[in-house]
Amino acid sequence: MRLLDIKDLSVTFGGLHALRDLNFHVDEGEIVGVIGPNGAGKTTFFNMISGMVTPSSGEILFKGESMIGLDPNQVTQAGISRTFQNVRLFANMTILENVMVAQHCRTKQGVFGSLFNTKAFQEEEKMIREHGEKVLGFFGSRLIGYRMDQPASVLSYANRRRLEIARAMATTPQLLLLDEPVAGMNPKESGELTELIGKLRSEWGFTIVMIEHDMNVVRDVSDRVVCLDHGETLAQGSFDEVSNNPEVIEAYLGRPLEKRA
Amino acid sequence: MTTAVKAKGSKKTGVDKFLTLLRFLLIGAIAIGLIAFVWQQIDPNNPFARWRNPDAQPLTAEQIKGLVVTGLSQGAMYGLIALGYSMVYGVLGFINFAHGEVFMLGAFTGFVTSNKLADAGLWEGGAFIPSVIMTAVLAALIATGAAVLMERVAYRPLRGSPRLIPLITSIGVSFFIQNAVILLFGPGAKGYPPNPEWLQKKRRFDLLGDAFAFEVEGTKLLVLVVASFSMAGLWYFVERTKTGKAMRAVAEDKEIASLMGINVNKTIVTTFAVGGAMAGIAGILWGLLFRSVIATTGFLPGIKAFTAAVVGGVGNLGGAMAGGVSLGTAEALAPLMLLEPLGVAGPTQLRDAVAFLLLILVLLVKPTGLFGERLSSEDRA
Amino acid sequence: MTTALGNNAASASGSALDTRKVLNVGAVLAISLVFIALAGLPVGLDPRQVVNGILSLGYLSLLWLPIMFGWTVSKQVVLEGMTATKQGVGDVITGAATGVVGGLGLSVLLLLVNQFDLRDPLVNWSPQLVDFLTFSQGIGLGVIAWPVICGVLGAFGASLHLLDATARRAVLAAIGAVLFFAIFETFITDLFDFLDDLLYGPRGGLEWYAALVIAGLAVAYTLSGAREKIAEVKGDYHALTGEAKTRQTAILIGLSAVALIIIPMVTGKITQELMANVGIFLLLALGLNIVVGLAGILDLGYVAFFAVGGYTTAVLTASNRGPDWPEWFPTTPWFVALIASVIMAGIAGLIIGAPVIRMRGDYLAIVTLGFGEIIRLLFLSDWLKGYFNGAQGITQVPPADFGLFEVAGTNPRSVFYLVMFFAAISIYASWRLERSRLGRAWMAIREDESVAEAMGINTVNAKLMAFVVGAVLASFSGAIFSAKVGSIFPTSFLILVSIIILVVVIVGGMGNIMGVIVGSVVLIGVLGGPKQPGLLQEFSQYKLLIYGALLIWMMLKRPEGLVPNARRSRELHQDEFLQDAWLKGEVDTDEDDDNPAPGGSQVAPA
Ligand SMILES: Nc1ncnc2c1ncn2[C@@H]1O[C@H](COP(=O)(O)OP(=O)(O)OP(=O)(O)O)[C@@H](O)[C@H]1O
Ligand SMILES: [Mg+2]
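Residues numbered from 1 in each chain as written. Chains lettered and ligands numbered in written order. Predicted model: local features only at pLDDT ≥ 70, side-chain atom pairs only at ≥ 80, totals over all residues. Heavy atoms only, no water.

So, the pairing of strand β9 (residues 224–229) of chain A
All names here are of chain A. Note the following rule: Working definition: with a 1.4 Å probe on protein chains only, accessible area under 20% of the residue-type maximum means buried, over 50% means exposed, and in between means partly exposed. By definition, any uninterrupted DSSP run of H or I lasting at least four residues is a helix, any uninterrupted run of E lasting at least two residues is a strand, and each is numbered from the N terminus. Strand pairing is defined by DSSP finding a minimum of two bridges between the two strands.
Judged by how many residues are buried, β9 sits mostly within the fold: six of six residues are covered. Side-chain alternation along β9 places R224, V226 and L228 on one buried face and V225, C227 and D229 on a second face that is also buried. Sheet analysis places β9 next to strand β10 (residues 232–237), joined by five bridges and oriented antiparallel. Within the sheet, the bridge partner assigned to L228 lies in β10 and is T233. Once β9 ends, the chain turns through two residues before running back antiparallel as β10, passing H230 with a positive phi of about 45°.

Observations regarding the confidence of the model for chain C
All names here are of chain C. Condition: Confidence of the predictor in every single residue is expressed as pLDDT, which spans 0 to 100. Any pair of residues with heavy atoms lying within 4.5 Å of one another is described as a contacting pair.
Residues with a pLDDT of 70 or more make up 91% of chain C, whose mean pLDDT is 85. Taken together, the stretch residues 1–15 has pLDDT below 50 and engages in 25 contacts with residues farther than four places along the chain or on a different chain. In the predicted structure, residues 592–606 sits below a pLDDT of 50 and forms 29 contacts with residues beyond four places in sequence or in another chain. Across the interfaces of the predicted complex, the ipTM metric reaches 0.92, alongside a pTM of 0.89.

Here we look at the coordination of the magnesium ion (ligand 2)
Here is the rule: For Na, K and Ca the donor cut-off is 3.2 Å, while for other metals it is 2.8 Å, and in both cases only N, O and S atoms qualify; water is not among them, so sites may look incomplete.
Those protein atoms acting as donors to the magnesium ion (ligand 2) are A:T43 (OG1) and A:Q85 (OE1), and they sit at 1.8 to 2.1 Å. Remark: A:Q85 occurs in the loop between β6 (80–82) and α3 (95–101) and A:T43 occurs in helix α1 (residues 42–49); sequence separation between them is 42 residues.

Digging into the packing of aromatic side chains
In plain terms, the rule: In summary, the pairing rule links any two rings of Phe, Tyr or Trp, Trp by its six-membered ring, whose centres are within 6.5 Å, and it sorts them by plane angle into stacked for under 30 degrees, edge-to-face for over 60 and tilted for everything else. Lysine and arginine charges are scored as sitting over a ring when NZ or CZ, respectively, is within 6 Å of the ring centre and within 35 degrees of the ring normal.
Considering all chains together, one arrives at 49 aromatic pairs over all chains under this definition. Ring geometry for B:F108 versus B:F185: centroids 5.1 Å apart, planes at 40°, classification tilted. Of this pair, B:F108 sits in helix α4 (residues 99–119) while B:F185 sits in helix α6 (residues 164–185); the two residues are 77 residues apart in sequence, bridging distant segments of the chain. B:F185 shares its class with B:F108; the two are buried. Both rings, one in C:F402 and one in C:F405, keep their centres 5.4 Å apart while their planes meet at 20°; by these two values the pair is stacked. On the basis of relative accessibility, which here comes to 29%, the residue C:F402 falls in the partly exposed class. What links up through ring pairs into an aromatic cluster is the set C:F306, C:Y311, C:W325, C:W328, C:F329, C:F379, C:Y387, C:F388, C:F481 and C:F493. The ring of A:F84 is capped by A:R88, whose NZ or CZ atom sits 5.1 Å from the centre of that ring.

Quick word on the interface of chain C and chain B
Let me state the cut-off plainly: Summed over both partners, the accessible surface that disappears when two parts come together, traced with a 1.4 Å probe, is what is meant by buried area. By definition, a salt bridge exists where a carboxyl oxygen of Asp or Glu is found within 4 Å of a side-chain nitrogen of Lys or Arg. Between N or O atoms, a polar contact is any pair within 3.5 Å; within protein, one atom must be a potential hydrogen donor and the other a potential acceptor, and residues adjacent in sequence are included only when both atoms are from side chains.
The interface is formed by 58 residues belonging to chain C together with 62 residues belonging to chain B. Considering only the side of chain C, the residues that lose the most area to chain B are C:R358, C:R360 and C:Y363, jointly responsible for 16% of the buried surface there. Put simply, chain C and chain B have three salt bridges between them. When the shortest N-O distance is used, the salt bridge between C:D120 and B:K116 registers 3.6 Å. At the boundary of chain C with chain B, the tally comes to eight residue pairs in polar contact (both at pLDDT 80 or more).

Observations concerning the domain arrangement of chain C
Residues and elements named next belong to chain C. Under the convention used in this document: For each domain, the first and last residues come from an automatic or database assignment. In this classification, Asp, Glu, Lys and Arg are treated as charged, Ala, Val, Leu, Ile, Met, Phe, Trp, Tyr, Cys and Pro as nonpolar, and every other residue, Gly included, as polar.
Per the domain assignment, the segments of chain C are domain 1 (2–76 + 85–230), domain 2 (274–571) and domain 3 (577–606). Inter-centroid distance (C-alpha atoms) of domain 1 to domain 2 is 37 Å. Counting residues at the interface gives 14 residues for domain 1 and nine residues for domain 2. Area buried by domain 1 at its contact with domain 2 is led by L45, R48 and I183, which between them contribute 37% of it. Applying the counting criterion to the domain 1 and domain 2 interface returns one salt bridge. When contributions to the side of domain 1 that touches domain 2 are tallied by element, the ones reaching two or more residues are α1 (2–8), α2 (19–39), α3 (41–45) and α9 (185–191). Of the residues forming the side of domain 1 that touches domain 2, the biggest block, three residues, is contributed by α3. When grouped by side-chain class, the residues that make up the side of domain 1 that touches domain 2 number nine nonpolar, four polar and one charged.

Structural data, given as structure tokens:
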């Protein structure tokens, strides 16, 4: 089933065409890798799906419904969640609070419940906390235990990336957009995370679109790869097809892809 | 600011609907008021004109011209003050709330100097023009000094902190200066000496034929002339000199500017200094026009000047001046041309409310101002 | 301003006299002293005694400065990795020299005031000032005395560096205790009548021997180690968890409640009035704290909701509301009016909030300020005069009648109890909200609005909710204010009120309930509200200046407030926090495969 369907999507910043007539789709249960040289428009592509940038033309359908013009929170509510390339955690909130706050759109207790500490409020709080701990537990023991009550700013770089993913998971999305999840990690860590990304689909049932420069990761997890350049789709298909596509190689300055990893 | 005007086809939230309603209401009220006014001018007995305002009387052409001139001269002063807000916001990305106090200090310097000169018999006597020039120079100097000092003491240490921190500090600075002036000079209103007869006299201009002839008080004319020259000078400074170029570079991107060998601190000080000088000149003009100054003189004109800067588009100097003039005119005309036809009693009391409503309206309808803002991308966030 | 200069020019050596620094800092000191003198504080505050016949508040308003400057100018900036050189006599000389330069400023001022007449623009350029500066002993003495006095005090300030930490604490405790007893005179004598004759002179102010005893007791207290004991108990309390902590907290709250009920019973009317005023502003500050402290929205028009609450109550209860209200419009008891006020304030919150909530934070500040002004102008206008009586206001607001008892301005104690009841509600509400789903959303918005939005938080609704909750708390205050004063005028709702509440919240500590309480007590209680006098009634002329100075000083030196909220201070001092955490080994490094305990992996940062 088509989960996400993007038709003729364009965006311009001033005179710059960041994306041009982009067509793209994701089926339920797929993991799609998005590659492309720096400045190709990959992050802009995510910004657009998540509602942070409004496209100048085109259509974004999620489960058959248009996402154009929705506020980012409405997009998240609809079931799309994302991480940020330049890790943007709530640095002064604790690790647990980071994943708790991300469940905002799945919960509903307001002023009344919290003031009168109603039964429903207590139950919901408990549920939020448990779900948060569960999501954090996905990354082994790194983010739980004493660490849960520390501010996110003390985390190491790799753990911040993990927390970003945990926070996105906590919104219980159907579609997860990961923007360079392994950037800045060492090979061991990125290998481990690659495995976890697989589990995100097999155990948690997320459909995933992932931007990544690390070709090993892309090769290992993607069902399908899309290469963007100058805001246009250069190639689509299996990793091997795309990575052997002469245009793609050209876009990466003529160097074979494997060596760039 | 997030997208204030949302794309079509969006899922509207309650707030969006309310805002749309609010826009319609505001614009509708303005439209009705204006139409009622026009009708009242044509025929005061027209039922539409009488609908809200049973004793509608048409304004005479003289009255309207008078209001326009008053509005223009007031607006020119707002514009001069607005330049300071606009430049500082362009360069540092924060609202220097205390800028209105810089203007007030200019007016106060003028009060002290002009009275001393009047005591020496120079003000009303033969040496009026040199006296005024001397007063203006002194006022500009004091205002510049105050602006530079506040940058050095209160704002520089806060550079790079969250945006609201310097704003809150500047509120403190404003409060401090206001009350320091009250304590030093006493709380009452301070009068300027009377202007000489030839300046106060009304002058008649009928360059465009009799229908467009209008009378202007000499003082208001002086305000307009001085404001235009100051604006022209500032424009030359910013657009044509090296320091001005440095200012624009710093406004665009501080880091890159400093890599290009621009002394960022010095440029920021210059920005405050130039803004301060303009406010000081505006202060003198204010004093000459209203002949009275009080410690709280800076507060409302300050906020209105900020409004003018936003209306014209923050960071945009021409816009600031245009915004000031539009605000001044709107403020002068709206009570009689809009509120009175809408049946509001005592409309001139609501002049200040008009200014704030204009600010809200502009931010609701065109948040980047009428002439577009010029800000670095980080300040736009 | 002073400390900035001091730090910049700080030299590491303790012995050599840095002439330039002394001259610079001394000049700033001189200017500050002259400014204070010309602003009229010394002469105006002179009648109020601190130590009877020895030190008046007027002299104190000048004398504290050389001490501060002496301390600052000789303060060493110890850079990391450098050992501090021992501070020595050189520092004391630096402090003394700075003081002398500052004192010379006053001498020059004295000569000028004596010689020329500048009273025309400068209202405090007066013979009284000469009299004050010469101690009524003739010009010559005054001119010589000030440099000497300031020099000695500068040296004193500097020599505080030489004392070891305990001794320094003892000295400061002594000064602090004497000041405390002097400032809280009315309050203390109200509570303990017998102390009036024992400690205080007939004209007010401590007797010299009482000051000595108090200072002595304070020193004894510091040296006895009682302080450490208290710190220990506090530590124990904070270390408690779960059930035990809840119980202890309940006991603490119970005790404070009992104290708050008993204190007004034994104090006099003036103190009760003061406490009632503190309460009214505490209520406002608690509300603004939700808007500014929790949600991070700088609302400068907060007074609008206070006004809406006040006017709604007045219109519904007063016998002389404007004539244009329709026939059927009811006159209600106070608590019905309160409910109406809450509803009206909530609606006003929505109407004002909706258009501004999407704006940039700083624009929002100015626009809300505009709204605050518009609402006041509307109450003042001829247009709505038929409803709100314009500038004459609504004057016959009856006391709040609860059947068994009545809350009226003539009985400030009843007002205090009523206010405390609502303050308890507000505190409880803030405390619950901060720890709820909504509170977390506000926190996230404060940290990074666009990420919060992307994580599914409807930022517009969340912020609007903060606005409305804040508005409702302000309306409580307005309703009580209206019944207390018995009349309501547009001039009670100037922008000034907004700004003073903002100062209270900021000085106390944004986002921290305890901070807001401390801020209200210290500022409103001691200095006074916009129109309400505080304990230092003599300050009423100068308090706004002090509010402004405090706001600047706090933003520059301690933006997190007197009682900081841990999270808020982390936000404001991110770098330092991370550095500390790293030094304590709490920072997580990339080496941690197995989640070591804190302090476990002391590896260099990545
Ligand atoms: N808000 C914006 N305003 C103006 N230009 C923008 C904006 N956001 C992105 N761009 C431009 O759009 C182009 C695409 O940027 P984008 O961040 O999507 O690239 P990317 O493929 O994610 O690159 P990278 O691999 O470096 O992350 C770039 O040229 C960028 O400068
Ligand atoms: Mg990118």
